[in-house]
Amino acid sequence: MFKIMAPKADSNKPSFDLLHNLRGFFLIFLAFLLFSQFANAQEKLNKLLSERQQLHQQWQQSETKKSGIFGNRTKKDMVATNDWMSRIIQKDNQIIEELEMIKKIETTEISHEKEDYKFIAQKQQGDIGILKRSLEAKELELMEAKSKYRTNEWAAFILFLSTSTLAYLYFNGRRKRKKASV
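**What about the overall build of the protein chain?**
- A tally of regular secondary structure across the protein chain gives 2 helices and 0 strands.
- Here the protein chain, with 182 residues, has 12% of them falling under the buried criterion.
- Long-range contacts, defined as pairs at least 24 residues apart, comprise 71% of the intrachain contacts of the protein chain with a sequence gap of at least 6.
- Carbon and sulfur atoms form 62% of the exposed surface of the protein chain, whose accessible area is close to 16100 Å².

Here it is, written out as structure tokens:
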């Protein structure tokens, strides 16, 4: 079973921090906003490309028009063709602007992801530091317990030796008294 414990004031473990949670919610919101802008920009780019394709078809049609005498192109035909070409150039400029905006959105998104990973790495480094300190404390406790155990072993050994020595001296002295009395 899991134990639910309130964090201690002097505990090295990270506690619930409202600021970090708000930051996380903000980053999620920002990512959603950037993703929606990216999707809208992609849709707009697709629309611009289809409009350019239509303009290109209309330009090709105006290129084939020959309303002059003997099937030649007139000045009016050439002006119409040039108008279609200028519209295509304007559409190309709009497409380039949209591509630049998509590039900026992707760059911003990458920089935010970088910051997120940097934050995660810093948090993990802090957790690693906490775990290292905890491990050092446990190792110190283990060393103290081992030294206490050895102290108890030595005390028991010395007690055994002193008891054995006293028993030997007592029985040896008693034997001498029996021999002296016989």
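Additional details are given in the paragraphs that follow.
**Comments concerning a nonpolar patch on the surface**
- A contiguous nonpolar surface patch, about 570 Å² in accessible area, is contributed by Trp154, Phe157, Ile158, Phe160 and Leu161.
- Relative to the elements of secondary structure, Ile158 occurs in helix H2 (residues 75-181).

**Comments concerning the side chain of Asp77**
- For Asp77, the location among the structural elements is in helix H2.
- Judged by relative accessible area, which is 8%, Asp77 ranks as buried.
- Apart from residues lying up to four places away in sequence, Asp77 is in contact with Lys65, Lys66, Ser67, Gly68 and Asn72.

**Some details on the packing of aromatic side chains**
- Summed over the entire model, instances satisfying the criterion amount to 2 aromatic pairs.
- The ring of Trp84 has Arg87 lying over it, and the distance from NZ or CZ to the ring centre is 4.3 Å.

**A closer look at the side chain of Ser62**
- With respect to the helices, strands and loops of the structure, Ser62 is situated in helix H1 (residues 18-64).
- Accessibility expressed as a relative area gives 6% for Ser62, which makes it buried.
- Contacts of Ser62, omitting those with residues within four sequence positions, involve Arg73, Ala80, Thr81 and Trp84.

The rules behind each value
- Residues numbered from 1 in each chain as written.
- Predicted model: local features only at pLDDT ≥ 70, side-chain atom pairs only at ≥ 80, totals over all residues.
- Heavy atoms only, no water.
- Helix = DSSP H or I, 4+ residues; strand = E, 2+ residues; numbered from the N terminus.
- Buried < 20%, exposed > 50% of the residue type's maximum accessible area, 1.4 Å probe, protein only.
- Contact = heavy atoms within 4.5 Å.
- Areas by Shrake-Rupley, 256 points an atom, 1.4 Å probe, with all protein chains shown as cover.
- Patch = residues over 30% accessible without salt bridge, like charges linked within 9 Å, V, L, I, M, F, W, Y side chains within 5 Å.
- Salt bridge = Lys/Arg side-chain N within 4 Å of Asp/Glu carboxyl O.
- Phe/Tyr/Trp six-rings, centres within 6.5 Å; stacked < 30°, edge-to-face > 60°.
- Lys NZ or Arg CZ within 6 Å of the ring centre and 35° of its normal.

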